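Breakdown of the fold
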Amino acid sequence: MCVLAHQHVCLYFTGGNRTSRVQQVELSLACNDLVALGRDRKPNALVQVAVIDPHKQHLVSHACTEIVEANKDPLFLTGVTFPSGYPETLVKLMVYDVKDKNQESGSLLGSATFSVGDLLRTKDEQLTLNLRSSDGVCTAGTVVVSRLKMGEMEGVEVDHIATNTPSHRCPLVCEPAHHCCIDQEETLLTGPVFRNPICKVYTFQTSNSKRMIVREQMEECTLSFSIPKQLLSLYIQEDISRVQDLTELGELSPHWDNLRKEVITRYGGIIGSYQATLAELNKITGCSFKPSCCKAQKSLEFIPINLHTQRMRVSCLKKTDAFYDIVTVGAPAAHFQGFKSGGLQRLLSRYEAEKKSFSTACQCIYYSPEHTAKAQEVLSITSLLQPLITSLADQLLQAAQEHSSPGLRDALKSLSDKTEQFVHTLKDELVKSALLALHAARPGYVSKSQKQTAVQGHHQGHISTDSEQNQIPVQGLSGQSPATPEPTVMCNNVEGCPSPTGDEAELVKVKNHDSIPHHKEYDEEEWDRVWANVAKCLNCVIAMVDKLQEEDDSKQESAPEQQLADVITSHTPGDWKEQLYPVVTRLKECVKEVVEKARKAMTFVLLQEAVCSLPQGFALQQRRDIVFSQALAALACGFVMRLYAGMQDKGFLKQLHLVGLVAQFESLLSTYSEEIGMLEDMEVGISDLHKVMFKITEAKTEDPSDLQPFLCGGRDHFTVEVPLPQPIFQTLPEEIKNGRPLRVFPVLFNVGINEQQTIAERFGDISLQERINQKNFEILDAYYKLLSEKVPLECLPCFQAQTDIKELLETLGQNVVTKKRKNVEILWIAGAICRRLNGIRFTSCKSAKDRTSMSVTLEQCALLRDEHQLSKDFFVRALDCMRSRLTQGDTWQWEDPEAGTVTENKPASRHFYPIALLLVSSHLLVVWLILSLVFLLAKYQ
């Protein structure tokens, strides 16, 4: 929960400038003396609101209320919101008697027309209109339209709103306003990232017979497309750079050269595919989300499905407004590629098992995923640190030229820190081992054992290396687990040499006690010397700077007072620079030499990893890129939304830079059929988000293009830079303004709730769900412990519920290990913990429609009950109001000007979500299961 401060930071930009105020008008509707067509019954009233298009002279559907059953004087809980452009537009209200809401059929009782401008010009901002029947003769009752304000019913007993009670009449809803209208500028998120807001307003009763105004607002996010497009560009750049590194490896033996060419060809295919996808995305303009009907479209496979933000704002009399945010998105998964072979988690496990045997067949070294990740990390860090060290060395020389002691000390400190980080990164046996393997892959390489055999005269010419006879173990890697086989290196003369036979083959099989490959021109200790030279050169630089400063201090102390100025001016500006230049230049040369060797070594590691993964590994990498793109777009959207909301919360900002935020993904996927593959994809995609950092930057201008988040990095690490306007940026803590990386801790909890999950729990396997929940509970528990150590609990938000977070975690831990069908308590508790921890909430199902809308609306009503005393009698009705609308995947059509003319004798199509739809009777389940088995037997016979 977030509390709106009185002076909330405004984040609105229109054409690069902040708008002064968003003038939205909220209306409440009520009817009196409705006459049903059947005189012996009371109507089930519903009001449909349409706008009369002045240009096309037809009706455009705008909003619709809930159905109030069996009441001739209904007061509708669902209000109507009009944006600022509507005051002079005609609005038509059509009241229907809905006889059967399941069949969505009803008869028109009457209609009335007014303009918003007329309403606002009245003294009490209220209109009472007569409802005219379709023939214009009969009066079917009246409709009361009033502007919705917090003070309009102050002092009125709101228990009269219980309109389902036949004996109660609707009170006047137009009491004079004693308070100003709520500032809508604080409600909206609209700005450079969020767009196309859709607003709904409700009026509910509290347990103390007061009332609350609840506003729902859903928006699209431009990051749905901008983040995937930036990510694709980074993927293309990274793969092009990898191809360049492979080309610069130098001359390799025919065997390795052919493998390199094949890997480069594979990379070329991925680059071409990504470039084509990026070109297609660049053609799309004006769209900011992907509907669920396009989830299997190849050109949109990197785009998240139905990504929306939703905010519920609660306004109560004499209380500070509170709001609750949530992001809804379809499960990040590779829908275009399908799930016949499972999802990423299963495919990666199978792939790692097959890669070991494939490495033997291809005569490659097998590197574990940890070693591959380390190689990518070394490449990434060295590419960042080398130019930084060079720049700092130049700053040191510049300070020496200016004879600035403070500047010299500052530059030396920065140079020392970065150089020590550089040396520490390369202090790994993986680099040394890879250099040995690379030398073994050069043309003409002969191992020590082969040279000894040749000296003994057992055979002449080249010794061929068969796949099983010539695998020579390489020195083991430090920290390698016993379960990981030691890497092996083959002789490079694989092609063009006859296979040994007879005694020659037996001699080749003899293992020498020294199994490390040697080269006549390669010194095994060369890497240690080159790597150590960097530290030695840094020590020389430090010693020289200390010497220069000591000499300068001693001269100043020994000089008489009257000659002090002469001593200072006698220094030649270039003296310090001339003495420092040789050692600084040597440092830069050593760093350059180390980077060249390490880059080639790590590139050769990645070459062998790519060779072992042909061709399946490249397809898996593409799938992983797709899933990660969808997950990252959702995370960036949620982070920006949460940042905007907490801009003035000092406790939140402290938590943000000291620890980071938890991002809790709630999944409603079943563990049955293809949704198992979706969940396996989603698990890997959410887990990969741990390599994402955020950074807050100061925007160059307030132009919307300069306020869009920017993505940088590579597959091993990404940084999302979020620019803020200068006035807002200056209010942030110094740590954030100085560019401290902000961490996010992603966690995923899944509980299937549909009928397919019923089948999985009775006849299938739910171990995947259990493992995911247990693993992510441990992550969440570790985050809380870290937060407790670094941030005072007073920084966390306050809730009405008094349950301690530690107690909630204990309850969650018990639930994740409890064998219970459809244990939705896991989701409830995890969501509550996330809100208590200032976290970011996400809800997902297959397409972010039916199940997602059910979960979000139920959570919102529960929050109103627990935090804002929503009356128990109103809980079900409030739930019906929020669910009585189009599904979330189609909410963008609510105010679509292309929606067409409203039918005069039937309300617009609506979807209702009773909880019973989630349940399946045991008899129907048995019938369905039998039919499924018959179908499967017929299919596979």
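This section reports on the structure supplied with the text. Note that the structure is predicted; figures quoted are calculated from it, not measured.

Conventions we followed
Per chain, residue numbering runs from 1 following the sequence as it is written. Local features are withheld for residues below a pLDDT of 70 in this predicted model, meaning they are given only at 70 or higher, and side-chain atom pairs are given and counted only at 80 or more; totals for whole chains, interfaces and linings count all residues. No hydrogens and no water enter the side-chain calculation; it runs on all heavy atoms of the structure. The helix and strand labels rest on DSSP assignments: H or I over at least four residues marks a helix, E over at least two residues marks a strand, and numbering proceeds from the N terminus. Summary of the burial criterion: residues with accessible area below 20% of their type's maximum are buried, those above 50% are exposed, and those between are partly exposed, where the area comes from a 1.4 Å probe applied to protein chains only. In what follows, residue pairs with any heavy atoms lying within 4.5 Å of each other are defined as contacts. Only the protein chains shown count as cover for residues, and all accessible areas are computed by the Shrake-Rupley method using a 1.4 Å probe. Among buried residues, those of type Ala, Val, Leu, Ile, Met, Phe, Trp, Tyr and Cys that are joined through side-chain atoms within 4.5 Å constitute a nonpolar core. These domain boundaries are the output of an automatic or database domain assignment. Strand pairing is assigned whenever DSSP identifies at least 2 bridges connecting the two strands. Here the expected length of a helix is defined as 1.5 Å per residue gap, with one fewer gap than residues. An axis is simply a line fitted to the C-alpha atoms; with a helix, the fit covers only the stretch in contact. Between two such axes, the angle follows the N-to-C directions and lies from 0 to 180 degrees. Throughout, the term roughly parallel applies to angles under 35 degrees, roughly antiparallel to angles over 145, roughly perpendicular to angles from 65 to 115, and oblique to all others. The handedness criterion is simple: a crossing whose near helix is rotated anticlockwise from the far helix by less than a right angle is left-handed, and one whose near helix is rotated clockwise is right-handed. Just so you know the grouping, Ala, Val, Leu, Ile, Met, Phe, Trp, Tyr, Cys and Pro go in nonpolar, Asp, Glu, Lys and Arg go in charged, and all remaining residues, Gly too, go in polar. Aromatic contacts are taken between Phe, Tyr and Trp rings whose centres are within 6.5 Å, Trp giving its six-membered ring; a plane angle under 30 degrees counts as stacked, one over 60 as edge-to-face, and the others as tilted. Geometrically, a charge over a ring is one whose NZ (Lys) or CZ (Arg) sits within 6 Å of the ring centre while staying within 35 degrees of the ring normal. By salt bridge we mean one thing: a side-chain nitrogen of Lys or Arg within 4 Å of a carboxyl oxygen of Asp or Glu. Only a pair of cysteine sulfur atoms within 2.5 Å qualifies as a disulfide here.

A tally of regular secondary structure across the protein chain gives 24 helices and 21 strands. For the protein chain, the residues scored as buried account for 55% of the 941 residues in total. Restricting the contact set of the protein chain to residue pairs at least 6 apart, pairs at least 24 apart contribute 78%. For the protein chain, the computed accessible surface area is about 41,400 Å², with 52% contributed by carbon and sulfur atoms.

Within the largest apolar cluster, 147 residues are counted, with the highest numbers of intra-cluster contacts made by Leu396, Phe422, Leu580, Met602, Phe639, Phe694 and Ile696. The greatest single-element share of this core, amounting to 19 residues, is contributed by helix α12 (residues 575-612). Among the domains, domain 2 (219-363 + 615-883) and domain 3 (369-444 + 526-551 + 576-612) are the pair contributing at least three residues each to this core. Each residue touching Phe422, except ones within four places of it in the same chain, is listed here: Thr382, Leu385, Ile389, Val534, Val591, Val594 and Val595. Counting 29 residues, the second-largest nonpolar core is a separate cluster that includes Val659, Ile805, Leu827 and Ile833.

Before going further, it helps to spend a moment on the pairing of strand β18 (residues 710-714). By the bridge criterion, five bridges tie β18 to strand β19 (residues 717-724) in an arrangement that is antiparallel. What sits directly across from Gly713, in β19, is Phe718. Here β18 folds back onto β19, and the loop between the two strands holds two residues.

Here the focus is the environment of Met218. For Met218, the position within the fold is in strand β11 (residues 211-221). Measuring from C-alpha to C-alpha, the distance between Met218 and Thr309 comes to 5.6 Å, with 91 residues separating the pair along the chain.

A word on helix α19 (residues 767-790). Along its 24 residues, α19 runs 35 Å from first to last C-alpha, staying within 8% of the 34 Å computed at 1.5 Å per residue. Buried within α19 are the following residues: Leu768, Gln769, Ile772, Asn773, Asn776, Phe777, Leu780, Tyr783, Tyr784 and Leu787.

Further remarks concern the packing of helix α15 (residues 674-687) against α19. Contact geometry for α15 and α19: axes closest at 11 Å, N-to-C directions at 20°. Classified by the interaxial angle, the pair formed by α15 and α19 is roughly parallel. As for the relative orientation of α15 and α19, their crossing is left-handed in sense. In this structure, α15 contributes Ile676, Leu679, Glu680 and Glu683 to the contact, and α19 contributes Leu768, Arg771, Ile772 and Lys775. Taken together, the residues of the contact of α15 with α19 break down into four nonpolar, no polar and four charged.

So, on to helix α23 (residues 872-883). Look at α23: 18 Å from first C-alpha to last across 12 residues, which is about the 16 Å you get at 1.5 Å a residue. Taken together, the buried positions of α23 are occupied by Phe874, Phe875, Arg877, Ala878, Leu879, Cys881, Met882 and Arg883. Looking at the buried positions of α23, the neighbouring elements they touch are β10 (194-205), β11, β12 (308-316) and α22 (850-868).

All told, the structure shown has 11 aromatic pairs when counted by the stated rule. Aromatic pair Tyr235 and Tyr274: ring centres 5.9 Å apart, planes at 40°, arrangement tilted. In this pair, Tyr235 is assigned in helix α2 (residues 223-247) and Tyr274 in helix α3 (residues 254-283), connecting sequence segments 39 residues apart. Residue Tyr235 is classed as buried on the basis of its relative accessible area, which comes to 1%. Exposure remark for Tyr274: the relative accessible area of 2% places this residue in the buried category. Among the aromatic residues, those joined into a ring-pair cluster are Tyr235, Tyr274, Phe302, Phe628 and Phe718. The ring centre of Phe323 lies 3.9 Å from the NZ or CZ of Arg311, which sits over that ring. One cation-aromatic arrangement involves Arg642 over Phe652; the distance from NZ or CZ to the ring centre is 4.2 Å.

Our focus in this paragraph is the environment of Leu607. Position of Leu607 among the secondary structure elements: in helix α12. Assessed through its relative accessible area of 1%, Leu607 is described here as buried. Taking the C-alpha atoms as reference points, Leu607 and Leu259, separated by 348 residues in sequence, lie 8.5 Å from one another. Apart from residues lying up to four places away in sequence, Leu607 is in contact with Leu246, Leu249, Leu252, Trp256, Arg260 and Val263.

Right, let's talk about the side chain of Thr719 for a bit. Note that Thr719 resides in strand β19. A relative accessible area of 13% places Thr719 in the buried class. If we ignore the near neighbours within four places in the chain, the residues touching Thr719 are Met693, Lys695, Phe710, Leu711 and Cys712.

What follows concerns unusual backbone geometry. The phi dihedral of Glu125 is positive, around 55°, even though this residue is not glycine. Among the structural elements, Glu125 can be located in the loop between α1 (116-121) and β8 (126-132). The backbone of Gln869 sits at a positive phi, close to 55°, despite the residue not being glycine. Assignment of secondary structure puts Gln869 in the loop between α22 and α23.

A few words now on the packing of α3 against α12. Helix-helix packing: each pair is described by the crossing angle between the helix axes and the interaxial distance. Taken N-terminus to C-terminus, the directions of α3 and α12 make an angle of 75°; their axes are 10 Å apart at the nearest point. The orientation of α3 relative to α12 falls into the category roughly perpendicular. Only Phe604, Leu607, Gln608, Ala610 and Val611 of α12 make contact with α3, whose side of the interface consists of Trp256, Leu259, Arg260 and Val263.

On inspection of all chains with the given rule, the structure shows 30 salt bridges. The closest approach of N and O atoms between Glu125 and Arg147, which form a salt bridge, is 3.1 Å. Of the two residues, Glu125 is situated in the loop between α1 and β8 and Arg147 in strand β9 (residues 139-147); the sequence distance between them amounts to 22 residues. Arg147 shares its class with Glu125; the two are buried.

A separate point is the state of the cysteines. A full pass over the atoms with the stated rule returns zero disulfides. Unpaired in terms of disulfides, Cys540 finds its nearest cysteine sulfur in Cys537, a separation of 6.0 Å.

Counting buried positions along β11 yields 11 of 11 residues, so the element is predominantly enclosed. Looking at chain direction, β10 and β11 are connected through 10 bridges and run antiparallel. Residue pairing across strands places Val201 opposite Arg215, the latter belonging to β11. Counted along the chain from β10 to the antiparallel partner β11, the turn is five residues long, and its residue Ser209 has a positive phi close to 65°. Inspection of the sheet shows β11 paired to β12 by nine bridges, in the antiparallel sense. In the sheet register, Met212 faces β12, and the bridge partner there is Cys316.

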